[in-house]
Structure formats: C-alpha cells, structure tokens
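Observations on chain architecture
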Amino acid sequence: MVTTPSTACQSARELPAPIPDLPPPNHRYSLRQRCLSLYHEVWYRLSERIRWSRAPHHETPIDRLSGLASWQATRIDALRARYGVGFESHYGRPTALANYAYLDLLDRAWTAVNRQPPQGGIVTDVGCANFWYARTLHTFFRPATLTGVDLEGFRLYPTGYSRYDAAAGYVADLPHTSFVVADYCEVNEQADLMTAWFPFVTPAPVLAWRLPLALFSPERLFARIARNLASNGTFFMVNQGTDEAAIAAGYCRQAGLRPQDQWIHPRPLRERPHPPVASWWSH
Ligand SMILES: C[S@@+](CC[C@H](N)C(=O)[O-])C[C@H]1O[C@@H](n2cnc3c(N)ncnc32)[C@H](O)[C@@H]1O
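Residues numbered from 1 in each chain as written. Predicted model: local features only at pLDDT ≥ 70, side-chain atom pairs only at ≥ 80, totals over all residues. Heavy atoms only, no water.

1. Focus: helix H5 (residues 163-171)
Most of H5 is tucked away, with nine of its nine residues classed as buried. Residues Arg163, Tyr164, Asp165, Ala166, Ala167, Ala168, Gly169, Tyr170 and Val171 constitute the buried set of H5. (Buried < 20%, exposed > 50% of the residue type's maximum accessible area, 1.4 Å probe, protein only. Helix = DSSP H or I, 4+ residues; strand = E, 2+ residues; numbered from the N terminus.)

2. With respect to the pattern of salt bridges
Counted according to the given criterion, the structure contains 12 salt bridges. A salt bridge links Arg163 to Asp150; the nearest nitrogen and oxygen atoms lie 3.0 Å apart. On the criterion of sequence distance, the pair formed by Arg163 in helix H5 and Asp150 in strand S4 (residues 145-150) is long-range, its members being 13 residues apart. Neither Arg163 nor Asp150 differs from the other in exposure class; each is buried. Note that Arg163 and Glu152 form a salt bridge whose closest N and O atoms lie 3.8 Å from each other. Here the residue Arg163 occupies a position in helix H5, and Glu152 occupies one in the loop between S4 and H5, the gap between them amounting to 11 residues. (Salt bridge = Lys/Arg side-chain N within 4 Å of Asp/Glu carboxyl O.)

3. Considerations on the site of the ligand
Around the ligand sit 18 residues, and of these Tyr102, Gly127, Asp150, Asp183 and Tyr184 come closest. Interatomic distance of 2.8 Å between a backbone N/O atom of Tyr184 and a nitrogen atom of the ligand. Trp197 places a polar main-chain atom, nitrogen or oxygen, 2.9 Å from a nitrogen atom of the ligand. For the ligand, whose unbound accessible area comes to 590 Å², protein coverage reaches 93%. (Near = heavy atom within 4 Å. Polar contact = N/O pair within 3.5 Å; in protein donor to acceptor, adjacent residues only side chain to side chain. Areas by Shrake-Rupley, 256 points an atom, 1.4 Å probe, with all protein chains shown as cover.)

4. A few points about the nonpolar core
In terms of nonpolar packing, the biggest core is built from 47 residues, with Trp110, Phe131, Trp197 and Phe236 touching the most fellow members. Of all the secondary structure elements, the ones that give two or more residues to this core are helix H2 (70-83), helix H3 (93-112), helix H4 (134-141), H5, strand S5 (177-181), strand S6 (191-197), strand S7 (229-240) and strand S9 (276-282). When residues in this core are grouped by element, the largest group, 11 residues, is from H3. Setting aside anything within four residues of it in sequence, one finds Trp197 in contact with Tyr102, Leu105, Leu106, Asp125, Tyr133, Leu137, Phe236 and Val238. One finds Ala182, Met194, Phe222 and Ala226 within the second-largest nonpolar core, a separate group that totals 25 residues. (Core = buried A, V, L, I, M, F, W, Y, C linked by side-chain atoms within 4.5 Å. Contact = heavy atoms within 4.5 Å.)

5. Regarding the packing of H3 against H4
A pair of packed helices is captured by two measures, namely the crossing angle of their axes and the spacing between those axes. One way to put it is that H3 packs onto H4 with a least axis distance of 9 Å and a crossing angle of 30 degrees. Considered as vectors, H3 and H4 are oriented roughly parallel to each other. The two elements H3 and H4 cross, and the hand of that crossing is right-handed. Judged by residue contacts, Asn99, Tyr102, Leu103, Leu106, Asp107 and Trp110 of H3 engage Thr136, Leu137, Phe140 and Phe141 from H4. Its residues assigned to classes, the contact of H3 with H4 shows seven nonpolar, two polar and one charged. (Axes fitted to C-alpha atoms, helices over the stretch in contact; angles between N-to-C directions. Parallel < 35°, antiparallel > 145°, perpendicular 65-115°, else oblique. Left-handed = near helix turned anticlockwise from the far one by under 90°. Nonpolar A, V, L, I, M, F, W, Y, C, P; charged D, E, K, R; others polar.)

So, in structure tokens, the structure goes:
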C-alpha cells in the first residue's frame, strides 16, 4: 500500500563519545551550498506539487546473479538458504545485490550482539527513499506492519516513473507493508521497532541527494523518533563510518535515547566508502 498524507562488537559503554557537530545556521553555508540548495528546492517543491505518478513500477528480474567474487557468492547462497529469499527473482542486479547486502548486515549485526530480531511488531523505517529494501526488512523482522516513510515521494526517474511508482512496485506483494510520503518530523505513529539506514546527520549528503538544506533538521528528526518509539521498543540505526555514527549518536542522546550496542561491519557484501556502523537504542 502506498499513501500520501498531508568485526568488532562493542558494548554500549564503548560507543564513541558524541561529537558536538550541530549543523551550521543557514548563513554559514557557503554561497555554492546555498545556490545548490535553492536549485534543489525548486525541483523538490515542483515535484511535490505535481505529484507525478504513472503506475506501480516493477523491475525486470535478472534471475541469476553472475560475476560475483567467490566469497560474495558463498555468502549470498548462505543468506538464500537461511531466509528462503531470492532477490534476483524480483529485481535487477543492483537492487538484488543491494538487498543481499542489507540482509547480510542485519543477519551479521544482530547475531554479533546476540540479539533476537523482534518479530511480529509494528516496524517503521525512517527515510526509506523508494523503499527498495522493503523485502529485506520484511524477511528479517516478519513484522505485523511495515511502513517506510520518506519526505520526498515524487522525484522523477529517467524511466518516466516517479519514486512513488517505484515504491508502489517494491511493496506491492509484501503483506501489510506501505510507503508513506511525509516529513517524519510530523509523523505521530508509535512503533515497536524503528530503523534508519544512513539518515542525514551532516548537510553535505543532503545536497548530494539533491535535496534542499531547509529539510535538514536532525534534532527534530531524532526527537520524533524517540517520541514515536514504544516504551520497550528498539531503534536500529546504520551509519556510514564511525565519524558519522558518532554524530548520529550525539543526536540520539540529545533526543533522550540510550545506547545499547554497536557493531561495525568488517566486510560489507557491497563495497562502501566507509564501513557501515550499526547501533541499537532504547528509552
Ligand atoms: C541517505 S538517504 C538513505 C535512504 C535509504 N534509507 C537507503 O538506505 O537507501 C536519506 C533519506 O532520508 C530521507 N529523509 C531525510 N529527512 C527526512 C524526514 N524528515 N522525513 C522523512 N524522510 C527523510 C531523504 O529523503 C532520503 O531519502
């Protein structure tokens, strides 16, 4: 359903100290950043006004993943066997591989810190893009409901389909799964488990994702995550590298969340510029 409302395992004590790196006020952005932001703002507002949508878009499945290194192929075989999934029967190569990479991270991270993934609860993913990894979250958490929320819903792809159409395709055959276009800072929905994969905690990635800096408000975002997290719920976050994880940890603490565990992926299935850092938070 798609809706648009208006290997190192570290204990909590060893989490890096928060870096007091709050975003600079608007006037401290460089001229180039402000111009870029303005440009992105025009396109963002236009796309949200037009709300272009053709029909749910389904990727053409690649059916067989070839050209993998042998360690990747071995790991993917293990994930297929363990979770009974075959992303290549649903998606093209990049999306299939990216789903295996997220499932690999989930599987390794939760095992490394000795946690059982909660099953059957209300799960919300914050900042899900077009929710291309909904099937992975669904497979791993077996949720009662799964909701992906992103504030940008109608970015137009070169295919002529929008992000909304892509999301509709990704959630189409997943029970009780939906994509919601909303600023999460305004969402009032309790969840037992909240996930956030690579949330923006510094301004540069916001511009790299072609979004205006006006939408960058990590204090409000993390405060809302803390507010919507059920009293015995878990917030699971993945950040890009330890520096970004430390900044994100600062925002979590500021929002009143307490660190539970942290784990750094030693060898992601898909190469990344920085190792993914997983962390678990609660009230
Ligand atoms: C770096 S991207 C990560 C996307 C996705 N989680 C992934 O792993 O591919 C961050 C995403 O968060 C979304 N986002 C940023 N602020 C948000 C907010 N306040 N509410 C909802 N989504 C937000 C952006 O639109 C973007 O799609």
